[in-house]
Amino acid sequence: MLSWLFVFSALVFPAWGVSSWDKTQSKQVSEGLQYLFGNISHLIEKGKLSLDDVFTMVSRKEWGAEAVGCSSWLTRPADVLVTHHIFGLECHDQVVCSQRLRELQAYHVHNNSACDVAYNFLVGDDGRAYEGVGWDVQGFHTRGYNNISLGIAFFGTKEGHSPSPAALSTMKRLIAYAVQKGYLAPGYIQPLLVKGENCLAPPGKENLKKACPNIVPRPAWGARKAHCLSLTLPARYVIILHTGGRTCSMYDECRLLVRDLQSYFIDKLRACDIGYNFAVGQDGRIYEGVGWNAQGSRNADYNDIALSITFMGTFSGSPPNAIALEAAQNLIQCAVDKGYLTPNYLLMGHSDVINTLSPGKALYDIIKTWPHFKH
């Protein structure tokens, strides 16, 4: 290892946006990172690490990468190793990590004008490595150094928690393999943390309040204009439903489903609008229904005092996926934080207020474990 540290200005994506380098971080390199990278050269020299030692690589095809690509080649071996922590992209299995990575690639390409996902590789808490742009192509993670650096990112963990032992082990093995195969110089410059990264914060640190989730507004999914009665705020109840019928797992598919639901309510049921305050897709997004200030129409005597949150699909046998459940929980906390929901609210299933199979047994069994649940 080189005995000096290289301080540079970094353009990274700690969440879905961009933050700049904080020079004071040069004196705050995590002990966890020092331990993680400090002995890699020694282990390689002793022959203790190899590809067979073993880590699983999920290819671009396996995680469903878009057919986009970059044309700038990476100088080999790379002299710099950059590690990032992408806050807000927590995942613990290949299905969810793959979904997170597809969303990240779409964001980098369509919102940040990158040629592909910004990193060479990513590491999930499931202990798998995920191929980004790979070994030979420049990433888009560190302005001015993309041509001489490998960029590897941890999928985000909850604030106050380090990556899992499996993720840390995979990162170590991935770096060792890169050195062995000549992708990374044996004397590579060790990374520094960037402002806002908490990937190696000690457990037990008090969690910071989460930001409200991104909500797909009505114009984005093509809502028809409508006017409903006002909701009494702050609401006193949260009622969880499912729509029944088909579900959706991709953005365009979910937008179409929300439009179809609105048309069903207005044209068939003669309701003022779609019957829910918010709808949750299997893509992990929240779709604005009648929103914070208007009444839904599915909860009989509770419409004027309850926020109705529906999961799109049928969840009698199987529950919604992890990212959809997390999105709904974040939305509820957001409602409290913004004053739309009283802090001592009660949470119920649709079947608790009317005679219905909604929200489905599998989903009902989950919400029974959520805070404020009342049968």
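Asker: Could you give me a rundown of the state of the cysteines, with the residues and numbers involved?
Answerer: Disulfide: a covalent bond formed between the sulfur atoms of two cysteine residues. One pass over the full model with this rule turns up four disulfides. Paired through a disulfide, C70 and C115 show a sulfur-sulfur distance of 1.9 Å. An S-S torsion of about 95° defines the bridge between C70 and C115 as right-handed. Linking C70 in the loop between α3 (60-63) and β4 (78-86) with C115 in the loop between α4 (94-110) and β5 (121-123), this pair joins segments that are 45 residues apart in sequence.

Asker: Outline the packing of α4 against helix α8 (residues 322-337), supporting the account with residue identities and numerical values.
Answerer: The contact between α4 and α8 brings their axes to 10 Å, and the two run at 70°. On the basis of the axis angle, α4 is roughly perpendicular to α8. In this structure, α4 contributes V96, Q99, R100 and E103 to the contact, and α8 contributes A322, I323 and E326. Here the contact of α4 with α8 is built from residues that sort into three nonpolar, one polar and three charged.

Asker: So, the packing of aromatic side chains: which residues are in play, and what are the values?
Answerer: Scanning the model with the defined rule gives 13 aromatic pairs in all. With centroids separated by 4.4 Å and ring planes inclined at 10°, the aromatic side chains of W135 and Y183 adopt a geometry described as stacked. In this pair, W135 is assigned in the loop between β6 (128-131) and β7 (149-155) and Y183 in the loop between α5 (165-180) and β8 (184-189), connecting sequence segments 48 residues apart. For Y183, a relative accessible area of 15% corresponds to the buried category. Each residue in the set F55, F121, W135, Y177 and Y183 is aromatic and connected to the rest through ring pairs, giving one cluster.

Asker: Just give me the short version of the pattern of salt bridges, but keep the residues and values in it.
Answerer: In total, this model carries 11 salt bridges according to the counting rule given. A salt bridge links R128 to D126; the shortest N-O distance between them is 3.0 Å. The salt bridge partner of R218 is D273, with a shortest N-O separation of 2.9 Å. Linking R218 in helix α6 (residues 218-221) with D273 in the loop between α7 (251-268) and β11 (278-280), this pair joins segments that are 55 residues apart in sequence. D273 carries the same exposure label as R218, and that label is buried. Put simply, K361, D365 and K368 are held in one network by salt bridges that share partners.

Asker: Explain the sheet that holds β6 to me, using residue names and the numbers behind them.
Answerer: Whether parallel or antiparallel, the strands of a sheet pair through hydrogen bonds between backbone atoms. If you trace the six strands from one edge of the open sheet to the other, you get β3-β6-β5-β7-β4-β8, paired in mixed fashion. Since the sheet does not close on itself, it has two edges, and those belong to β3 (56-58) and β8, each with one partner. When strand polarity is set aside, the average angle formed by the axes of neighbouring strands in this sheet is 35°. As paired strands, β4 and β7 are joined by seven bridges and run parallel to one another.

Asker: So what about α7? Which residues, and what values?
Answerer: Here α7 spans 25 Å end to end across 18 residues, near enough to the 26 Å set by a 1.5 Å rise per residue. Three or more residues of α7 are buried, namely C254, L257, V258, L261, Q262, F265 and I266. Along the axis of α7, the buried positions cluster into a sector of 165°, meaning they face one direction only. Turned more than 90 degrees off the buried face of α7, the exposed positions are D252 and K268.

Asker: Could you give an account of the nonpolar core, naming the residues involved and the relevant values?
Answerer: Buried together is how nonpolar side chains tend to be arranged in soluble globular proteins. Formed by 28 residues in total, the largest nonpolar core has its most connected members in I240, F311, L341 and W370. Counting residues per element, the ones that place at least two in this core are β10 (235-242), β11, β13 (306-311), α8, β14 (341-349) and α9 (361-367). It is α8 that contributes the most residues to this core, nine residues altogether. By size, the runner-up hydrophobic cluster in this structure holds 23 residues, among which are V216, C254, V258 and Y276.

Asker: Lay out the sheet that holds β11 in plain terms, naming residues and giving numbers.
Answerer: Taking strand neighbours across the sheet as the criterion, the six strands line up as β9-β12-β11-β13-β10-β14 in an open arrangement whose pairing is mixed. Unpaired on one side and paired on the other, β9 (215-216) and β14 mark the two borders of the sheet. Across three bridges, the pairing between β11 and strand β12 (residues 286-288) is antiparallel. Across the sheet, residue F278 finds its bridge partner in β12, namely E288. Its contacts with the sheet place α8 against β9, β10, β11, β12, β13 and β14, and it is angled at close to 145° to β14.

Quick notes on the rules
- Residues numbered from 1 in each chain as written.
- Predicted model: local features only at pLDDT ≥ 70, side-chain atom pairs only at ≥ 80, totals over all residues.
- Heavy atoms only, no water.
- Disulfide = S-S within 2.5 Å.
- Helix = DSSP H or I, 4+ residues; strand = E, 2+ residues; numbered from the N terminus.
- Axes fitted to C-alpha atoms, helices over the stretch in contact; angles between N-to-C directions.
- Parallel < 35°, antiparallel > 145°, perpendicular 65-115°, else oblique.
- Contact = heavy atoms within 4.5 Å.
- Nonpolar A, V, L, I, M, F, W, Y, C, P; charged D, E, K, R; others polar.
- Phe/Tyr/Trp six-rings, centres within 6.5 Å; stacked < 30°, edge-to-face > 60°.
- Buried < 20%, exposed > 50% of the residue type's maximum accessible area, 1.4 Å probe, protein only.
- Salt bridge = Lys/Arg side-chain N within 4 Å of Asp/Glu carboxyl O.
- Pairing = 2+ DSSP bridges.
- Expected span 1.5 Å × (residues − 1).
- Arc of directions from axis to C-beta.
- Core = buried A, V, L, I, M, F, W, Y, C linked by side-chain atoms within 4.5 Å.

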